[in-house]
Amino acid sequence: MTMQNDKKNIAEFERIYLSFYPRLKRFAQEYVIREADAENIVQDVFLDLWERGAFVSSHVNLTSYLFTNIKNRCIDFLRHRIVMQKAANTMQEEYELALQMKLQSLEVFDEQVFSDTEIETVIANAIQSLPEKCRQIFVMNKIEGKKQKTIANELNLSIHTIESQMAIAYRKLKEILKDYLPLLFFLLI
């Protein structure tokens, strides 16, 4: 392509852009609502038009080509937004459900459980019910405050074993203390 043809193509593209841009943007905005989204869609269509060089061909009905591309991109945009909105709604519903469960748990929680001796007894019994090695690792980590790496070195175990045993401890304590859910927070602090 010569420099002369390049200048002609640029001039033709600019003419098409200036001629169609306002109509295409209004068309897109009618469907996607937000002006910025409509502008992005139109810009993408023009970028695609430039890259394909379709505006150079006399065989292309340019109006049909541009509006069909805008329509298709608007459809894709709206489908994507609907999926995103459904996902956001689902996450919001799950969050609200979790809040409701927490609220109900706290509302029925027996305030008597918070007496110091009762807390100590419930927690001690729960920890005592853990398997021996699991209990030892849990106590070293949560009661004595030792880091998992230190525990691994002292017990001559891998860090992975320590992590696995802690996961087992949490799972068993969660099950044992399910009626005392707030007590779990004492164990995890």
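Relevant structure appears above.
Residues numbered from 1 in each chain as written. Predicted model: local features only at pLDDT ≥ 70, side-chain atom pairs only at ≥ 80, totals over all residues. Heavy atoms only, no water.

**Here's the deal with the overall build of the protein chain**
To keep it simple, the criterion reads: Counting from the N terminus, the helices are DSSP H or I runs at least four residues long and the strands are E runs at least two residues long. Residue contacts are counted whenever heavy atoms from the two residues lie within 4.5 Å of one another. Computed by Shrake-Rupley with a 1.4 Å probe, the accessible areas treat only the displayed protein chains as cover when residues are assessed.
Check the secondary structure of the protein chain and you find 8 helices and 0 strands. When the helices and strands of the protein chain are placed in sequence order, the string is α-α-α-α-α-α-α-α. Considering only contacts in the protein chain between residues 6 or more positions apart, those separated by 24 or more positions represent 60%. With an accessible surface of roughly 13,400 Å², the protein chain has 54% of that area assigned to carbon and sulfur atoms.

**Considerations on the nonpolar core**
Filter applied, for reference: Residue types Ala, Val, Leu, Ile, Met, Phe, Trp, Tyr and Cys, when buried and joined through side-chain atoms within 4.5 Å, form a set referred to as a nonpolar core. The classification of residues rests on relative accessible area computed with a 1.4 Å probe and restricted to protein chains. Under 20% of the type maximum is buried, over 50% is exposed, and intermediate values are partly exposed.
By size, the foremost hydrophobic cluster in this structure holds 20 residues, and its most contacted members are I16, F46, L49, L66 and I70. The dominant element in this core, judged by the number of residues it contributes, is helix α1 (residues 3-32), at 7 residues. Counting residues in each nonpolar core, the second largest holds 17 residues, with I123, I162, A169 and L173 among its members.

**Describing the packing of aromatic side chains**
For clarity, the threshold we go by: Two rings from Phe, Tyr or Trp (for Trp, the six-membered ring) form a pair when their centres are within 6.5 Å of each other. A pair whose planes differ by under 30 degrees is stacked, one over 60 is edge-to-face, and the rest are tilted.
Under the criterion given, the structure shown has 8 aromatic pairs. A ring pair is formed by F13 and W50, whose centres lie 5.0 Å apart and whose planes are at 70°; its orientation type is edge-to-face. Taken together, the positions of F13 in helix α1 and W50 in helix α2 (residues 35-52) put the pair 37 residues apart, joining distant regions of the chain. Each member of the aromatic cluster is reached from another via a ring pair, and the members are F13, Y17, Y21, F46 and W50.

**A short note on the environment of P131**
Positionally, P131 belongs in the loop between α4 (116-128) and α5 (132-143). When the C-alpha positions of P131 and A169 are compared, they lie 8.5 Å apart, and in sequence the two are 38 residues distant.

**Thoughts on helix α6 (residues 148-155)**
At 3.6 residues per turn, the α-helix brings residues three or four places apart onto the same side. Quick reminder of the rule: Of all possible arcs, the one meant is that of the directions from the helix axis to the C-beta atoms.
Buried residues of α6: I151, A152 and L155, and no others. Buried positions in α6, seen along its axis, are confined to an arc of 100° and lie on one side of it. Turned more than 90 degrees off the buried face of α6, the exposed positions are K149 and N153. Taken together, the buried residues of α6 touch α5 and α7 (159-176). Backbone geometry just after α6 places N156 at a positive phi near 55°.

**Some remarks on the environment of Y31**
Examined against the element boundaries, Y31 turns out to sit in helix α1. Sequence separation between Y31 and K71 is 40 residues, and the spatial gap between their C-alpha atoms is 8.9 Å.

**Describing the packing of α5 against α6**
We apply this condition: Only the stretch in contact is used when fitting a helix axis, every axis being a line fitted to C-alpha atoms; angles between N-to-C directions are given from 0 to 180 degrees. The labels follow the angle: roughly parallel below 35 degrees, roughly antiparallel above 145, roughly perpendicular from 65 to 115, and oblique for the rest. In this scheme, a crossing is called left-handed if the near helix is turned counterclockwise away from the far one by less than a right angle; it is called right-handed if the turn is clockwise. Note on residue classes: Ala, Val, Leu, Ile, Met, Phe, Trp, Tyr, Cys and Pro are nonpolar, Asp, Glu, Lys and Arg are charged, and everything else, Gly too, is polar.
Between α5 and α6, the least distance of the axes is 10 Å, while the angle of their chain directions is 135°. In terms of orientation, α5 lies oblique with respect to α6. Crossing of α5 against α6: the hand is right-handed. Residues Q136, I137, M140 and N141 of α5 touch α6, and the partners they reach there are Q148, I151, E154 and L155. In terms of residue class, the contact of α5 with α6 is made up of 4 nonpolar, 3 polar and 1 charged.

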